[in-house]
Amino acid sequence: MRRAPAGPDLGVYARAVALLVRNPSIIIIPLVMAVAGLALGMVFGALGAGGGTTGGLVGFIARVLEFFGLGAACIIADDAWRHGRASFERGWSEAQRRGGDLLFAALGVAFVVSLASFVGVVLGAIVALVVEALALVFLIWTMPAAAVGGVPGGAAMNVSVERVRENPIPAVVAGIVTALLLLFVVPYVDDALLLAVAPYTGGSVIVAELLGALVHAIFVGYIALFITKTYADAAFGRRY
């Protein structure tokens, strides 16, 4: 029987850290997607096609890859929540099976994010901030819905919006934590790591980019854990 959440379970965010430590495989697919997006940008940049419309398209594709990686991580994260130890092989097999749904959901979210950025250019920073905040909150459960909710990729955004309307406080908390991590914590950790390894890398741009991708993937894995759990709580009731 479904038991509706009484409120936001803040303990999820601490337990997610422990699960990530026990299940580092959660970051593998996000890391591969991040490196793929990085390689794509480098190739087009080397060809002199990194600006204008082409640069925007490359950025959009990289964003789609990032969201796809997040969705795949949600599948492995759900396995981790259920069993304590996740199987990468099982998660990868399920990600392949649901690949089309993950891709459609990733395309939808990437389009909305790109549209929000465009709104910022046209209408100003304050309006952009509001639009981006609303998009982050209402779409926070899109990838978990497509990954573990049994929702077709084309409907995942609508399902996320519906669940957020029914459970606004957990969604807002998840959105705030996600924003803080991506806007402040990830850049700080990335800079600190680069500073620590600088004497050994000779200022290599490629090494810096790869380390940045690794840091980003680690935090994407953590985000996948808590948005998957909060989505499951909102959609099905607290089960584990």
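As a reminder, the structure under discussion sits directly above these lines.
This text gives an overview of the structure that appears in the document. (Residues numbered from 1 in each chain as written. Predicted model: local features only at pLDDT ≥ 70, side-chain atom pairs only at ≥ 80, totals over all residues. Heavy atoms only, no water.)

## A look at the overall build of the chain
Line of reasoning, step 1. The secondary structure content of the chain amounts to ten helices and zero strands.
Line of reasoning, step 2. For the chain, the sequential pattern of α-helices and β-strands runs α-α-α-α-α-α-α-α-α-α.
Line of reasoning, step 3. What you see for the chain is a C-alpha radius of gyration of 18 Å, in line with the 18 Å of a compact globule of 240 residues.
Line of reasoning, step 4. Oriented by its inertia axes, the alpha-carbon framework of the chain measures out at about 55 × 40 × 30 Å.
Line of reasoning, step 5. Evaluated residue by residue, the chain yields a buried proportion of 42% over its 240 residues.
Line of reasoning, step 6. In the chain, of all internal contacts separated by at least 6 residues, the share reaching a separation of at least 24 is 78%.
Line of reasoning, step 7. Placing the 15 positive and 14 negative side-chain charges of the chain at their respective mean positions leaves the two points 10 Å apart. (Helix = DSSP H or I, 4+ residues; strand = E, 2+ residues; numbered from the N terminus. Rg over C-alpha atoms; globule rule 2.2 N^0.38 Å. Buried < 20%, exposed > 50% of the residue type's maximum accessible area, 1.4 Å probe, protein only. Contact = heavy atoms within 4.5 Å. Lys, Arg positive; Asp, Glu negative; His and termini not counted. Charge placed at Lys NZ, Arg CZ, Asp CG, Glu CD.)

## Quick word on the environment of valine 197
Line of reasoning, step 1. Turning to its location among the elements, valine 197 is positioned in helix α9 (residues 168-201).
Line of reasoning, step 2. In this structure valine 197 comes out as partly exposed when scored by relative accessible area, which is 21%.

## Details of the packing of aromatic side chains
Line of reasoning, step 1. Evaluated as defined, the whole model comprises four aromatic pairs.
Line of reasoning, step 2. Measuring from ring centre to ring centre gives 4.9 Å for tyrosine 13 and phenylalanine 226, while their planes differ by 50°; the resulting arrangement is tilted. Remark: phenylalanine 226 occurs in helix α10 (residues 205-236) and tyrosine 13 occurs in helix α1 (residues 11-22); sequence separation between them is 213 residues.
Line of reasoning, step 3. Phenylalanine 226 gets classed as buried once you look at its relative accessible area, which sits at 0%.
Line of reasoning, step 4. On the numbers, 6.4 Å between centres and 65° between planes, the contact of tryptophan 141 with tyrosine 231 is edge-to-face. Of this pair, tryptophan 141 sits in the loop between α6 (125-138) and α7 (142-148) while tyrosine 231 is found in helix α10, placing the two residues 90 residues apart along the sequence.
Line of reasoning, step 5. We classify tryptophan 141 as buried; its relative accessible area is 0%.
Line of reasoning, step 6. Given a relative accessible area of 2%, tyrosine 231 falls into the buried group. (Phe/Tyr/Trp six-rings, centres within 6.5 Å; stacked < 30°, edge-to-face > 60°.)

## Observations concerning the nonpolar core
Line of reasoning, step 1. One finds Leu70, Leu102, Trp141, Met143, Leu225, Phe226 and Ile227 to be the most contacted residues of the largest nonpolar core, which totals 56 residues.
Line of reasoning, step 2. Of all the elements in the fold, those that place two or more residues in this core are α1, α2 (28-46), α3 (52-83), α5 (99-123), α7, α8 (156-166), α9 and α10.
Line of reasoning, step 3. It is α10 that provides the largest number of residues to this core, a total of 13 residues. (Core = buried A, V, L, I, M, F, W, Y, C linked by side-chain atoms within 4.5 Å.)

## What about the environment of glutamate 132?
Line of reasoning, step 1. Here glutamate 132 is to be found in helix α6.
Line of reasoning, step 2. With 13 residues separating them along the chain, glutamate 132 and valine 119 place their C-alpha atoms 9.3 Å apart.
Line of reasoning, step 3. Leave out the neighbours within four places in its chain, and glutamate 132 touches Ala116 and Ser117.

## Some words on the pattern of salt bridges
Line of reasoning, step 1. Within this structure, the stated rule accounts for seven salt bridges.
Line of reasoning, step 2. In this structure, aspartate 78 and arginine 82 form a salt bridge, with 2.8 Å as the shortest nitrogen-oxygen distance. Of this pair, aspartate 78 and arginine 82 both sit in helix α3, four residues apart, which is roughly one turn of that helix.
Line of reasoning, step 3. The salt bridge involving glutamate 94 is made with arginine 97; its shortest N-O contact spans 2.6 Å. Taken as a pair, glutamate 94 and arginine 97 lie in helix α4 (residues 88-97) at a separation of three residues, close to a single helical turn.
Line of reasoning, step 4. Looking at glutamate 94, the relative accessible area reads 25%, which means it is partly exposed. (Salt bridge = Lys/Arg side-chain N within 4 Å of Asp/Glu carboxyl O.)

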